[in-house]
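# Report on the structure
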Amino acid sequence: MGEYDPIIVKYVPSAFMMKPFGSGPTVNGYVMMYMSRWKRFAVVLLLIWIAVTYLVISPLRCEGGTEDVSEFQNRLRTVSMQLESLKIQHNKLISQVKKSVGLNPNLKDIDTGSLFDSVGGPSEEYENLRRRVFSNTKEMWYFINHELTKLKKGDIKVEKLPEILDQIEHRKSFILSDQQKLPELDGYQDWRQQEAANVSDLVQKRLKYLQNPSNCRDARKVICNLNKGCGFGCQLHHIVYCLIFAYATERTLILNSKGWRYNTKGWEYVFYPISESCLTAYDDKVIQWPANYDPKVVSLPFIDSISQKPKFLPLAIPTDLAHRIVRFNGDPSSWWIGQMLKYVLKPKPAMQKAINETIAKMHFMRPIVGVHIRRTDKVGTEAAFHSIDEYMVHVRQYYDQLQLTQHVDVRRVYLASDDANVLGDARSKYPDYEFLGDPSIAKTAATHRRYTPVSLTGLLVDLHMLAMSDYIVCTFSSQVGRVAYEMMQTNRVDASDSFYSLDDIYYFGGQNAHNRRAIMNHTPRSNQEIAFQAGDLIGVAGNHWNGFGRGTNKRTNMNGLIPWYKTADHLVLYPFPEYKHANEHQNEL
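Residues numbered from 1 in each chain as written. Predicted model: local features only at pLDDT ≥ 70, side-chain atom pairs only at ≥ 80, totals over all residues. Heavy atoms only, no water.

As annotated in an unreviewed UniProt entry, the protein carries the name GT23 domain-containing protein and comes from Pieris brassicae. We quote the UniProt Sequence similarities (unreviewed entry) comment for the protein here in full: "Belongs to the glycosyltransferase 23 family." (UniProt positions renumbered as here; feature names shortened; annotations may be inferred.)

A separate point is the nonpolar core. One recurring pattern in soluble globular proteins is that nonpolar side chains are buried together. Counting 84 residues, the largest nonpolar core has Phe 232, Trp 260, Trp 267, Trp 336 and Tyr 414 as the members making the most contacts within it. It is helix H7 (residues 232-249) that provides the largest number of residues to this core, a total of 12 residues. The contact partners of Tyr 414, leaving out residues within four places of it in the chain, are Met 362, Ile 368, Val 369, Gly 370, Val 371, Leu 436, Gly 437, Ile 441, Val 461, Asp 462, Met 465 and Leu 466. Core analysis: the next-biggest nonpolar cluster, separate from the first, contains 22 residues, Ile 373, Met 392, Ala 426 and Tyr 471 among them. (Core = buried A, V, L, I, M, F, W, Y, C linked by side-chain atoms within 4.5 Å. Buried < 20%, exposed > 50% of the residue type's maximum accessible area, 1.4 Å probe, protein only. Helix = DSSP H or I, 4+ residues; strand = E, 2+ residues; numbered from the N terminus. Contact = heavy atoms within 4.5 Å.)

This paragraph deals with the environment of Leu 423. The topology assignment puts Leu 423 in helix H12 (residues 421-429). The spacing of Leu 423 and Ile 388 is 35 residues in sequence and 9.5 Å in space, taken between C-alpha atoms.

The tally for this structure, following the rule as stated, stands at 3 disulfides. Here Cys 216 is linked by a disulfide to Cys 278, with a sulfur-sulfur distance of 2.0 Å. Across the S-S bond of Cys 216 and Cys 278 the torsion is about 70 degrees, and the bridge reads as right-handed. Residue Cys 216 is found in the loop between helix H6 (189-211) and strand E1 (221-225), and its partner Cys 278 is found in the loop between strand E2 (252-256) and strand E3 (286-288); the two are separated by 62 residues along the sequence. In terms of burial, Cys 216 and Cys 278 fall into one category: buried. Covalent S-S linkage joins Cys 224 and Cys 242, the inter-sulfur distance amounting to 2.1 Å. Taking the sign of the torsion about the S-S bond as the criterion, the disulfide between Cys 224 and Cys 242, at about 65 degrees, is right-handed. With Cys 224 in strand E1 and Cys 242 in helix H7, this pair connects stretches of sequence that are 18 residues apart. Here Cys 242 falls in the buried class, since its relative accessible area comes to 0%. Sequential numbering of the bridged cysteines in the protein gives the disulfide pattern 1-6, 2-5, 3-4. (Disulfide = S-S within 2.5 Å.)

Glancing now at the environment of Asp 294. Of note, Asp 294 is situated in the loop between E3 and strand E4 (297-299). Separated by 74 residues in sequence, Asp 294 and Arg 220 have C-alpha atoms that sit 10.0 Å apart. A distance of 2.8 Å separates polar atoms of two side chains, one belonging to Asp 294 and the other to Arg 220. Side chain to side chain, Asp 294 and Arg 251 meet in a polar contact 2.7 Å long. (Polar contact = N/O pair within 3.5 Å; in protein donor to acceptor, adjacent residues only side chain to side chain.)

Another aspect to go through is empty space enclosed by the protein. This structure, assessed with the given rule, holds 6 cavities of 30 Å³ or more. Roughly 80 Å³ of internal volume is contained in the largest cavity. Around the largest cavity sit 13 residues that line it, and Leu 415, Ala 416, Ser 417, Asp 438 and Ala 442 are the ones nearest its centre. Elements supplying a minimum of two residues to the lining of the largest cavity: strand E7 (411-417), H12 and helix H13 (439-444). The element best represented in the lining of the largest cavity is E7, accounting for 4 residues. Grouping the constituent residues of the lining of the largest cavity by class yields 9 nonpolar, 1 polar and 3 charged. (1 Å grid on protein atoms, 1.4 Å probe; cavity = no way out; pocket = protein on both sides within 12 Å on 5 of 7 lines; lining within 4 Å. Points joined across faces, edges and corners; volume = space filled by probe spheres on them. Nonpolar A, V, L, I, M, F, W, Y, C, P; charged D, E, K, R; others polar.)

Read from one edge to the other, the open sheet built from 4 strands follows the order E2-E1-E4-E3, with strand pairing classed as parallel. Every other strand in the sheet has two partners, leaving E2 and E3 as the edge strands with one partner each. Put simply, the sheet's adjacent strands are angled 30 degrees from each other on average, direction ignored. The sheet contact formed by E3 and E4 spans 3 bridges and is parallel. Looking across to E4, one finds that Ile 287 is bridged to Val 298. Docked against the sheet, H7 engages E1, E2 and E4, running at close to 170 degrees with respect to E1. (Pairing = 2+ DSSP bridges. Axes fitted to C-alpha atoms, helices over the stretch in contact; angles between N-to-C directions.)

The subject of this paragraph is unusual backbone geometry. Between Pro 314 and the following residue, Leu 315, the backbone shows a cis peptide bond with an omega angle of 20 degrees. Within the element layout of this structure, Leu 315 appears in the loop between E4 and strand E5 (317-318). Geometrically, the link from Arg 366 to Pro 367 is a cis peptide bond, its omega value of 5 degrees lying close to zero. As for its placement among the helices and strands, Pro 367 is situated in the loop between helix H10 (349-360) and strand E6 (368-373). The backbone of Tyr 282 shows a phi angle near 55 degrees, a positive value even though the residue is not glycine. Note that Tyr 282 resides in the loop between E2 and E3. If you check the backbone angles, Asn 557 has positive phi at about 65 degrees while not being a glycine. Along the chain, the position of Asn 557 falls in the loop between strand E13 (548-553) and strand E14 (559-563). We classify Asn 557 as exposed; its relative accessible area is 62%.

Moving on: a nonpolar patch on the surface. Taken together, the side chains of Ile 519, Met 520 and Tyr 565 present a nonpolar region at the surface, about 320 Å² in accessible area. Along the polypeptide, Met 520 turns up in the loop between strand E11 (515-518) and strand E12 (537-543). (Patch = residues over 30% accessible without salt bridge, like charges linked within 9 Å, V, L, I, M, F, W, Y side chains within 5 Å. Areas by Shrake-Rupley, 256 points an atom, 1.4 Å probe, with all protein chains shown as cover. Salt bridge = Lys/Arg side-chain N within 4 Å of Asp/Glu carboxyl O.)

So, in C-alpha cells, the structure goes:
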C-alpha cells in the first residue's frame, strides 16, 4: 500500500497480475509468419554476402598499379569487417529459426526483442489483448442474439433465463477484465501516475498560494460561514463550493466556523486551518454576493440559494488544466472537487490518532470493497430503501471479475452505515464474506447523536476506509457516498470506474446543468424516446441503469428517454486564474 497523508490517501494501485493467456488457435499462423520473415531475411543476407565477396575480389583480378592494389586492400579490410558482422546476424537468425521449429511451436520461444526494440510501437501482448476485447465483444453479441432468437421461437423455457443471464454476466466480466488490463500494457501507466501526481501537486501549490497571501490585510477575501444545517458530507461540500469560488475570483477564503454543530469550538479545533497566515477580514466592509460592484470582501450564501450562479461552479474545470486531466482521468469534475477536499480535509494530530487507532483494530487488508448504506433520515425523504442484497450483488460481481486476473483468498467488505443493525444482518446473510466495520460508529451516526465530536471521528474513519477501498458500492443520493468517491479520486490515478451507485449518477449539490453531447444520430423506437442528432446538447436528469437515461434535447426542447451509449459527458471548461507565481511563492515558504 502506498504512503498516505491524513485522510487523503496517496495510494497508487498495483497492477493486476495476470500471466499471458495460453496460445490460441492462431499461434501456428504467427509462428509461420515470423519464420517466413526470418527465412527471407536470412536469404537476403546470404545474397548480400555473396555479392559483397564478388565485388571485393573481382577488382583484384584486374591489372593495376601498386596504389590501386593498396586501395583495394584497404577496401577489402573494411568490407571484411562488415561482412563478419553480417555473418553473425545471419547465424543468429538461422539459429532462431531452427529453435522455433518443432511439434509444439510457441511464440514466446522466439527472441523478437532485437526486431521490435528498434522499431518501437505497442507490445505484442497489448495488441493481442486489444484484438481479443474486440473479438469477445462480438462473441457476446452472437451469444445473446442466438439465445434470444431461440427464446422468441419458444425453443427455450423461461426457467433457462437465469442460466443465460449468468453466461452473459461471465462474458461481460471477461471483456471488462481485459479492458482494465489494456492501460497496464499500453506502455503509459507510469506516465499516467506521474502526470496525475504532477497536476495534483500543481493545484495544491496554487491553493496554498491563494490561501496565504503576502499581505493578508490588503488581500481580497471571500467569507464562508460554516453554519449550514446539514450533515458532515453536506458541510464539506459547502466548504468546497466556497474554495472553488475563492479560486475562481482570486480571493482568500476566510472560514467562519465558531459554533459549528460538530464542534462548537470550530473547524480549526479538529482540522488544520485552511490558511496559515490569513484568518480574518479585519474591519473591512463585507458585502453579500452578488454585488453590483467588485467589493474587497464578499460573503457567500448557500449554493442552493445563490442567484446569478457563476459559470465556474461544478461541474466546470479549469481550462488550463483540462487537457492534462482528461488524459489520465475519466471523470475530471469529481477529480477537481477531490483536489479541493484534499486541501481542506487535514485532521489535527489528536483526531488523526483517534482515526488511526480505530482503523488499526480492523486489520484492514486488500482486496476490499467499501459499502456505504445510508438509512435513518434519508430513507423515504431523499432516497429509496435499498436492502443489503442489492449492494451485495455488485460486491459479488466485482470479486467474480477480479478472480479472472488474480487469486482472492478472502472476499472482504468494509461496511459503513448509520444503522447499527446492518453489519450483523450482512454477516448472517453472507457468511462467505468477511465484513469489517464498527457497530459503535453506526450508533454515533444515529440522528439524535450525530452532531458530536465522537460521531465526527466515526464519520472520518468511514470516509477514510471507503476511500482506501478498491471499489465502492453506495448511493450517490448520499453526500457521504459522493465524498468517499471524490476522496478516491485523490488516492489513485483514476477512480471513475471504481464505484457503483444504486441510485443517482454523480453530481454536486447546487451544480450548474449536467449536459451530455450526442455522438451519433438517434431515431426513436418508442414514443418514450426522443430524437437527436450528433452534436446536440442534452441536459440529463439521470441514468436509469437499463441502457437509457432521461434528458432534454436543448435544440428541440423535447424531453424523454435517450440511449446512454449514443451520448458522452459534455465537459464544461472555465478560464480559472492560472496562478503563475504559485511556484515562486512555494519556494519562499
